[in-house]
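# Structural features, examined
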Amino acid sequence: MSSIRSLTKKRLFLPIFSMLLVMLINVIYDVACGNPPLGFFVITIKNAVLYGRLIDVLNRGSEIAILAIGMTLVVSSSAGTDISVGSVMSLYAGVCCMTLAGFGEVNVSQYANPLLLGIGAGLLVTCICGLFNGFLVAYMNIQPMVATLILWSAGRAIGLLLCNSQIVYVRVPSFQKLGAYTGFMPTPIIVAAICIAIAAVILRFTALGTYIQSVGINKKASRIAGFNSAKIILLCYVICGLCAGLAGMVATSRIYSADTNNIGLNMELDAILAVALGGNSLGGGKFNLAGSIIGAYTIQAITTTLYSMGVSSAQAPVFKAVVVIIIVVIQAEPVKEYFKKVSSKRAAVKEATKA
Amino acid sequence: MNRKKINGNNLLLLITIALFVLMYAAGCIVYGSKGFANLQSFLNILINNAGLICVTCGMTCVMLTGGIDISVGSLIAMDCMFLAVGMETWKMGSQVLMFLVLVIGVVFGLVQGFCIAYLDIQPFIVTMAGMFFARGMTAMICTQQVSIVSDKFFTGLSSMKFSLPFGGYVNKKGILQMPYVRITVIVAIIVVVLIFLMLKYTRFGRSLYAVGGNQQSAALMGLNVKKTKLKAYVLSSFLTSIGGICFCLNTMAGTTTQATGLEMDAISSAVIGGTLLTGGVGNVVGSLFGVLINGTISTLVKTNGKLISSWSNIVTAILLCFFIVLQSVFAKVKEKK
């Protein structure tokens, strides 16, 4: 009993537990349908590329994982969430594809500008978006959700404007590469792995992670201790913008077009959910990047599972919403206190009977 | 000190009204030849945004307590789909369905309000989950577009016209046409008046301001903070359901993508109308003007004809940004004093 309790107190308990739960549900579903019970885990090589549901989860979950990095930092430092990420992804798509195809073009099979310029321009714009959000939050003292609400609406609209309200196709193999395969490995997995590795190295070997946490725990105290709190919050938002851009890069290359209306749609909920599922408090302070990443892939696993069960993409939000509510209710202070009260009462009764 | 504070808040409202008048006058001058200056085109803004006015009233009440409700757009989609499928597929009476929609609104608000007020979860997260839940439920009810054609009572309500006794104009065929409003506008105006009176003169209305101004002092004053918050969210969802019925009367259909981004319109209208996002300050009259400004922007974009519809989103976002920054500057000035 005590070992179980100490296990539930581990920080990574929640994300790993939910991941295992999703896998278990998959196994049960497979058995119920008469498929081989471990179908979820089977990885085969078809057409010279890796194939399997697990690979699918890793592949499709790349965007959420990349977004989760930035979102974790934002949540930790400013105790709020950046809801503009989905919209900024779509803005990246608009900027990048417009640069590559040339303004007003809808369907091209040749670059108008070099590939790197397109990607660079897109990432620059998303960094500026992050700068804008960060400025409003850090220097104007506006609630993060409200400040990012502006770009939530405007980002997608500007993207649509750049693409003239049309879907811009860039049919060049080198552009599709980022969303397709490198050798036998899906490229998005590699991109996500690189992003995660860079973030992990920076947070581990520099003091940035500690600064961010200290600002999140107490902004005023950190300022008095000598950190420039506002600058650190600003930096977190810029990183979040950059992550949104990278996620947009993968998403855009995947469909080799700027479908501005749909890229990154509702992605912000997935990213926030990943952070919450990772055992991070949405009230800011301490963060756990590994938890967020596992959380991100768990969400993708849930989505993939729902699709394989025949739930349409329009209906899937219902289940996700239920999961969010369950997670935040478990994390809520009054609920925790209630359980503490119950367990302490039980312990008291036990001791009384012993005596 | 006290007087100055009130002045600052009134200033925001004044800026809003001045902005609306300016924008409308500019529209009349530039697009006067396309019929923008007619009284009917002004009434059309009201007709198109009747649902939004109801929603914004509820949103204002929630924002007064310092919270936010972003589930409204999806809730409207769910209401419309429920009404449409109820009438066309389940063949239920529209009166029963409208009553059920209001009940759904209250229950929805109760659940959200309970999570926010009694479990201390951030309003944004709860209502975001509510938003996705409602949007998904819309698809659960039906994934196709359903048009309402069979119910006599509902179609009757929808096509009802109330002509005004003045302001008529002679159209191209030489017939005198009176400007008219739909029943939804009357509902919206009643809602605005009722909420205005409630905020000004009832215990609940005043306690909304008190809770938003400072939760602790409100609690020390003996107000039940949690109950007030719960009631605010129930009121918001209830008014959203009324707005949903108005919306449905306008569109006469239910689709899964209906009213996407309506929450943004409602929030920006309330903010533009002078409601502080931190709570405690706001007024439904301002919110009404906020909606009118939003409506004017989209009408201007439509009247122009050449601009892409996303321009209205961009302009609204710029205005929203302007007002948010303005509020933040005001708050800083107040702090320094």
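On a plain count of helices and strands, chain A comes out with 16 helices and seven strands. Over its C-alpha atoms chain A spans a radius of gyration of 22 Å, differing by no more than 12% from the 20 Å that the globule rule assigns to 355 residues. If you line up chain A on its principal axes, its C-alpha atoms span 85 × 60 × 35 Å. Each of the 355 residues in chain A was classed as buried or not, and the buried ones make up 52%. When contacts within chain A are restricted to residue pairs at least 6 apart in sequence, long-range pairs at least 24 apart make up 75% of them. Total accessible area on chain A stands at roughly 16,100 Å², and carbon and sulfur atoms take up 68% of it. Computed over 25 positive and 11 negative side-chain charges, the inter-centroid distance for chain A is 11 Å.

The interface is formed by 37 residues belonging to chain B together with 43 residues belonging to chain A. When residues of chain B are sorted by the area they lose upon contact with chain A, Phe124, Ile125 and Phe132 of chain B head the list and together hold 17% of the total. Counting the contacts that link chain B with chain A gives zero salt bridges. Put simply, chain B and chain A have four residue pairs in polar contact (both at pLDDT 80 or more) between them. If you tally residues by element for the side of chain B that touches chain A, the top one is helix α6 (residues 123–141) of chain B, at 13 residues. Along the lines of polarity and charge, the residues of the side of chain B that touches chain A split into 26 nonpolar, seven polar and four charged.

A word on the pattern of salt bridges. Residue and element names in this part refer to chain A. Inspection of every chain in the model, using the stated rule, returns three salt bridges over all chains. Salt-bridge contacts for Lys320 lead to Asp270; the nearest nitrogen and oxygen are separated by 3.3 Å. Of this pair, Lys320 sits in helix α15 (residues 316–331) while Asp270 sits in helix α13 (residues 267–277), and the two are 50 residues apart along the sequence.

This paragraph deals with the nonpolar core. One finds Ile66 of chain A together with Leu83, Phe154, Ile195 and Leu199 of chain B to be the most contacted residues of the largest nonpolar core, which totals 199 residues. With 13 residues, the top contributor of residues to this core is helix α12 (residues 229–254) of chain A.

Time to look at the confidence of the model for chain B. For chain B, per-residue confidence averages 86 on the pLDDT scale, and 95% of positions sit at 70 or higher. Note on the complex model: pTM 0.85, ipTM 0.79.

With respect to the secondary-structure elements, Val318 of chain A resides in helix α15. On the accessibility criterion, Val318 of chain A (7% relative accessible area) is buried. Not counting chain neighbours up to four residues away, the residues in contact with Val318 of chain A comprise Phe132, Phe133, Gly136, Met137 and Met140 of chain B.

On to the sheet that holds strand β4 (residues 168–170) of chain A. Residue and element names in this part refer to chain A. Spatial ordering of the open sheet is given by β3-β4-β7, a layout of three strands whose pairing is mixed. Single-partner strands in this sheet number two, and they are β3 (107–108) and β7 (257–258). Of the strand pairs in this sheet, β4 and β7 are connected by two bridges, and their pairing is antiparallel. Residue Tyr169 lies in a different strand from β7, and its bridge partner there is Ser257. Sitting on the sheet, helix α5 (residues 85–101) is in contact with β3, β4 and β7, with an inclination near 60° to β4.

Phi is positive for Ser165 of chain A, which is not a glycine, with a value near 60°. Following the sequence through the fold, Ser165 of chain A ends up in the loop between α7 (144–162) and β4. Notably, Ala259 of chain B is not glycine yet its phi reads approximately 55°, a positive angle. Among the structural elements, Ala259 of chain B can be located in the loop between β6 (253–254) and α12 (262–272).

Residues and elements named next belong to chain A. At a minimum axis separation of 11 Å, helix α9 (residues 187–205) and α12 run at an interaxial angle of 175°. As judged from the angle between their axes, α9 and α12 are roughly antiparallel. In contact with Pro188, Val191 and Cys195 of α9, α12 contributes Leu246, Met249, Val250 and Arg254. The residue inventory of the contact of α9 with α12, partitioned by class, reads six nonpolar, no polar and one charged.

Here is what the cut-offs are and how they apply
- Residues numbered from 1 in each chain as written.
- Chains lettered and ligands numbered in written order.
- Predicted model: local features only at pLDDT ≥ 70, side-chain atom pairs only at ≥ 80, totals over all residues.
- Heavy atoms only, no water.
- Helix = DSSP H or I, 4+ residues; strand = E, 2+ residues; numbered from the N terminus.
- Rg over C-alpha atoms; globule rule 2.2 N^0.38 Å.
- Buried < 20%, exposed > 50% of the residue type's maximum accessible area, 1.4 Å probe, protein only.
- Contact = heavy atoms within 4.5 Å.
- Areas by Shrake-Rupley, 256 points an atom, 1.4 Å probe, with all protein chains shown as cover.
- Lys, Arg positive; Asp, Glu negative; His and termini not counted.
- Charge placed at Lys NZ, Arg CZ, Asp CG, Glu CD.
- Buried area = accessible area lost by both parts, 1.4 Å probe.
- Salt bridge = Lys/Arg side-chain N within 4 Å of Asp/Glu carboxyl O.
- Polar contact = N/O pair within 3.5 Å; in protein donor to acceptor, adjacent residues only side chain to side chain.
- Nonpolar A, V, L, I, M, F, W, Y, C, P; charged D, E, K, R; others polar.
- Core = buried A, V, L, I, M, F, W, Y, C linked by side-chain atoms within 4.5 Å.
- pLDDT = per-residue confidence, 0-100.
- Pairing = 2+ DSSP bridges.
- Axes fitted to C-alpha atoms, helices over the stretch in contact; angles between N-to-C directions.
- Parallel < 35°, antiparallel > 145°, perpendicular 65-115°, else oblique.

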